[in-house]
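Chain by chain, the residues run as shown.
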Amino acid sequence: MNPKTQPPVAKIIPHTLEIHGHTREDNYYWLNNRENPEVIDYLNKENEYYNVLTADTKDFQKELFEEMKSRIKEDDQSVPYLYNGYYYITRFEIGQNYPIYSRKKESLSAKEEILFDCNELAKGKSYFQLGGLSISPDNTMAIFSFDSVGRRIYTIQIKNLITNEILSDKIENVTGSAVWANDNHTIFYSSQDEVTLRSDKIFKHKLGDKQELDLLVYFEKDETFNVEIAKSKSKKYLAIESGSTLTTEYQILDANTPDEKFKMFQKRVRGLEYTVSHYGDSFYIITNKDKADNFKLMKTHETATSKENWVEVIPHREDVLLEDIEIFKNFLVVEERANGLNTIKIIPWSGEEAYFLPFESETYTANTSSNVDFDTDILRYSYQSLATPSSVIDFNMKTKEKFIQKEQQVLGGKFDKNNYKEERVWATARDGVKVPISLVYKKDLIKNGKNPLLQYAYGSYGYSIDASFSSTRLSLLDRGFIFAISHIRGGEDLGRHWYENGKLLKKKNTFFDFIDCSDYLIKQKYTSAEHLYAEGGSAGGLLMGAIVNMAPELYNGIIAQVAFVDVVTTMLDETIPLTTGEYDEWGNPNQKKYYNYMLSYSPYDNVKAQNYPNMYISTGLHDSQVQYWEPAKWVAKLRVLKIDANVLFLDTNMDAGHGGASGRFEALKELAKEFSFLLDLEKIKK
């Protein structure tokens, strides 16, 4: 017997964890040490096992990769946008993994200036990610940042755009986010704690100074808060935002006087959330003040910013979630969500009648896009659906004319959106709540219960999953798959209450909703348990871990990426990135009621001797969001306890972090692994 065809068995080293008078035994706690050679050896053995057992699919993976790559316009570029006298463009060249950032002065026919060629910057690196770019007000310099490990720890540098030289300034171990003051000489940036990676400090840097001379402007002491620095669209103000899951606080400074002190906008009040946008002599504030759960819009004069001065502009509505605004010289644009769908409302400052942009699809996604220019009547937005490729549209808010600037091209000559059907259906959860599901599939499909179906969801942090187009997904749809998004509680798809009812001590609603959506799809004969697959990543990986413990019989296969599955241990470890900042999402297990509730659903703690579906679990060694050892421990425990003969794979990218491989084509290879896993289970090759 070839030992490589036998699954690796992780060593059992019992480790006792005790709190609230309760004891847990963690046999794989030792995997929590990436410096331990035995840990690396175990991960490599799991990778080897995966590669040996999927050797017969390698050619198919290559076929899928080439197929997905062939639909992508390799020499693609973004729609240019005008900012401070320059048109900015992001483009790709044939065969290149990374983007090129460029600009043209005043006219699109002007000579191109290459700002950054990420293909050159990434040479010799197994991972590369360019962080935020910020151009100086006089257009002569650019702040840029990069991460070459995948752990979201960036280095900031500055490029002289006139001479193309990189200045000596080097700011290391930071978040990568930085902005210019209006003097073209002062930079503000955020940095993080070296252990937890919590963004906790704002520094001021003067050009030419060494990093150790940078002035600490603000330190966020509360470990549940993160900080960031931004500049208003009006260019008048710099703003420090301190934010936790439930509470925000801003401090502002005139960007023309960077050596003055930041002033408090509105001191934090637990449960008070707000964001600020500047226009004229006023600030516009999206807030949940006065129990406005779905948020409302208020305004105040820039010299009187505390909440007692705020005046209502758009009231709170029970059935409409206010998500964002865009401010222009002549118009206010409001992004809202009603009945689970995006709406965009145009409100003229002149007092003329407001109106909505018309969207006709049953399920779609529409969002404002790059609107950096304040003094324009053109609103740029994007539109797409599960069967409609993304379009970038310029809309003249004065004349109401629409100009499609770009429609995503799907190459190969085979794609026609009219060959696919989109639906939005509603499943009834066990507590009677209706949960929307967005579906897409080939029009000739027959609902006979025999169709393979991939069900996706996230369901945390109030993050809504919209019905967006994917050219890579066609590789599943064209082979007979149905794709479904379950808009479960824990997201904000149907408003703030949708989120509130899927967090903390109501978190299990997230898992029950997904399972009940699966039941609905089976009963309506879209699929059957023999052909139903589920996918989720990060907090969506927690969802996958929960459903396979609770209802494994419903699924033939599971894909779980960078899965947050060791909930209790992670949330008790304040040295792990994100932990303290997430008490308002999951609860603080140092309190017994949250400990007990988390323990009742934590996937790792609830693995038991039962049948489990086929499972493909992926992670990244350098993941800063969900540490690699969570999926690794989960797999080790599943290997010992599960009583079925279904496949269980752990695939660790030894060079990447939470976002997976860098580069557009490397990411496709990871997707080809997932698709081949599904299609191999269905015995579908062509």
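What this report covers is the structure whose coordinates are included nearby. Note that the structure is a prediction, hence the values are computed from the model and not measured.

**Regarding the pattern of salt bridges**
Part 1: Here the structure, examined in full by the defined rule, presents 43 salt bridges.
Part 2: Its salt-bridge partner being Arg 71, residue Glu 67 comes within 3.2 Å of it at the nearest N-O pair. The residues Glu 67 and Arg 71 share a single accessibility class, namely buried.
Part 3: Note that Arg 496 and Glu 273 form a salt bridge whose closest N and O atoms lie 2.5 Å from each other. Of the two residues, Arg 496 is situated in helix 5 (residues 496-500) and Glu 273 in the loop between strand 18 (263-266) and strand 19 (274-279); the sequence distance between them amounts to 223 residues. Side by side, Arg 496 and Glu 273 carry an identical accessibility label, which is buried.
Part 4: Sharing partners across several salt bridges, the network here consists of Glu 273, Glu 492, Arg 496, Glu 500 and Lys 503.

**Considerations on the sheet that holds strand 19**
Part 1: The strand order 19-20-21-22 describes an open sheet built from four strands, whose pairing is antiparallel. Edge positions in the sheet fall to strand 19 and strand 22 (311-314), since each has one partner strand and no second. With strand direction ignored, the average angle separating the axes of adjacent strands in the sheet is 30 degrees.
Part 2: Relative to strand 22, strand 21 (residues 296-301) runs antiparallel, the two being bridged by three bridges. Its bridge partner being in strand 22, Leu 297 is matched across the sheet by Ile 314.

**Concerning the environment of Glu 74**
Part 1: One can find Glu 74 in the loop between helix 2 (58-70) and strand 3 (81-83).
Part 2: When its relative accessible area of 18% is taken as the criterion, Glu 74 is described as buried.
Part 3: Separated by 572 residues in sequence, Glu 74 and Asn 646 place their C-alpha atoms 38 Å apart.
Part 4: Setting aside chain neighbours within four positions, we find Glu 74 in contact with Lys 69, Phe 92, Glu 93, Ile 94, Gly 95, Arg 664 and Phe 665.
Part 5: Within the structure, Glu 74 has its side chain in polar contact with the backbone nitrogen of Gly 95 (distance 2.6 Å).

**Side note on the packing of helix 2 against helix 12 (residues 664-681)**
Part 1: Their axes nearest at 8 Å, the elements helix 2 and helix 12 cross at an angle of 125 degrees. As summarised for this structure, helix 2 and helix 12 are arranged oblique, according to the angle between their axes. Note on packing geometry: the crossing formed by helix 2 with helix 12 is right-handed. Taking contact as the criterion, the partners of Phe 60, Gln 61, Leu 64, Phe 65, Met 68 and Lys 69 in helix 2 are, on helix 12, Phe 665, Leu 668, Lys 669, Leu 671, Ala 672, Lys 673, Phe 675, Ser 676 and Leu 679.
Part 2: Here the contact of helix 2 with helix 12 is composed, by residue class, of 10 nonpolar, two polar and three charged.

The rules behind each value
- Residues numbered from 1 in each chain as written.
- Predicted model: local features only at pLDDT ≥ 70, side-chain atom pairs only at ≥ 80, totals over all residues.
- Heavy atoms only, no water.
- Salt bridge = Lys/Arg side-chain N within 4 Å of Asp/Glu carboxyl O.
- Buried < 20%, exposed > 50% of the residue type's maximum accessible area, 1.4 Å probe, protein only.
- Helix = DSSP H or I, 4+ residues; strand = E, 2+ residues; numbered from the N terminus.
- Pairing = 2+ DSSP bridges.
- Axes fitted to C-alpha atoms, helices over the stretch in contact; angles between N-to-C directions.
- Contact = heavy atoms within 4.5 Å.
- Polar contact = N/O pair within 3.5 Å; in protein donor to acceptor, adjacent residues only side chain to side chain.
- Parallel < 35°, antiparallel > 145°, perpendicular 65-115°, else oblique.
- Left-handed = near helix turned anticlockwise from the far one by under 90°.
- Nonpolar A, V, L, I, M, F, W, Y, C, P; charged D, E, K, R; others polar.

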